[in-house]
Amino acid sequence: MNATELAVEGVTLTAGAHRLVRDVSLTARPGEVVGLVGPNGSGKSSLLRAVYRVLRPDTGLVRVDGADAWRLPPRSLARTLAAVVQQSAADFDLSVRDVVAMGRTPHKRLLDGDDAEDVRLVETALAAVDAAALADRPFDRLSGGERQRVLIARALAQQPTLLVLDEPTNHLDVRHQLDVLGLLRRLPATALVALHDLNLAAYYCDRLYVLRDGEVTAAGPPVEVLTPRLLADVYGVRAEVDVHPRTGAPHVTFLPDAPAPAREHTGS
């Protein structure tokens, strides 16, 4: 199973009179983890929706291994691409195991039951996100972080060669944020992932695309993209960017405009 190449070519998206994304192009080469970063409302989620075929481009193309993604049969695309989105229909009246097993649907014929290989892949996916202990619990009784891990497991069970993830670390504690992004690095798949945490993006992503007002304003390796000037221009904040001595990745330190107010100390 080979990782997939993704190419977004000159995509423009609108909603009524509102432009969401304008003339955006990006590539994710096979096996890369490519990050989308930018402030709220910059177009990250909208662009991802065009890739996983929820929001059709007004102009431009989304290519998956050279083929127009919007012309592929849905089942064919689902055997290649899996998405983890921010706003999912999360109130499944199913067990966690059954939710993850939904990821096997593109690989099965109508009315096919789960075979031994399906069961193995579901168990492997749950273990990969540290959710094996949740397998028999009702999905709708889980915490936000637990649900997120299960939805990521469902995507893994799909065995995609291209993963599209919109803020996959939302609701996750620090340990599981690192686990999930580390997993993306190890998978034999390509990943396009929107992230808010710039330090996580700098460490785990091969390349970054910075969106502002629906347009790409910078692209390249994190060490070239994450500069104090860009952070001031795009995010409107002062920051220092250094190379972390342990990780070797760029590390962003945000600088508040004013000193923190002194706290009063009271004796007990």
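Residues numbered from 1 in each chain as written. Predicted model: local features only at pLDDT ≥ 70, side-chain atom pairs only at ≥ 80, totals over all residues. Heavy atoms only, no water.

**Q** Hey, could you run me through helix α1 (residues 44-51) in this one?
**A** Given 3.6 residues to a turn, an α-helix orients residues that are three or four positions apart in the same direction. In terms of residue burial, α1 counts as a mostly covered element, since seven of its eight residues are buried. Within α1, burial applies to Lys44, Ser45, Ser46, Leu47, Leu48, Ala50 and Val51. A positive phi of about 65 degrees marks Arg53, the residue just after α1. (Buried < 20%, exposed > 50% of the residue type's maximum accessible area, 1.4 Å probe, protein only. Helix = DSSP H or I, 4+ residues; strand = E, 2+ residues; numbered from the N terminus.)

**Q** Even after reading the chapter, I still don't get the layout of surface pockets, so can you show me in this structure?
**A** Take a probe with the size of a water molecule and roll it over the atoms, and the empty space left behind shows itself. Estimated volume of the second largest pocket: approximately 260 Å³. As for the second largest pocket, its lining consists of 15 residues, of which Thr124, Leu156, Ala157, Gln159 and Leu187 are closest to the centre. Those elements giving two or more residues to the lining of the second largest pocket turn out to be α4 (116-128) and α5 (144-157). Element by element, the count of residues in the lining of the second largest pocket is highest for α4, at five residues. Tallied by class, residues from the lining of the second largest pocket come to 12 nonpolar, two polar and one charged. (1 Å grid on protein atoms, 1.4 Å probe; cavity = no way out; pocket = protein on both sides within 12 Å on 5 of 7 lines; lining within 4 Å. Points joined across faces, edges and corners; volume = space filled by probe spheres on them. Nonpolar A, V, L, I, M, F, W, Y, C, P; charged D, E, K, R; others polar.)

**Q** Help me understand unusual backbone geometry in this model?
**A** Outside of glycine, negative phi angles account for most residues, and trans bonds account for most peptide bonds. If you check the backbone angles, Arg53 has positive phi at about 65 degrees while not being a glycine. Assignment of secondary structure puts Arg53 in the loop between α1 and β4 (59-64). Residue Asp65 is not a glycine yet carries a positive backbone phi of 50 degrees. Its location among the elements puts Asp65 in the loop between β4 and β5 (67-68). Here Asp65 falls in the exposed class, since its relative accessible area comes to 51%.

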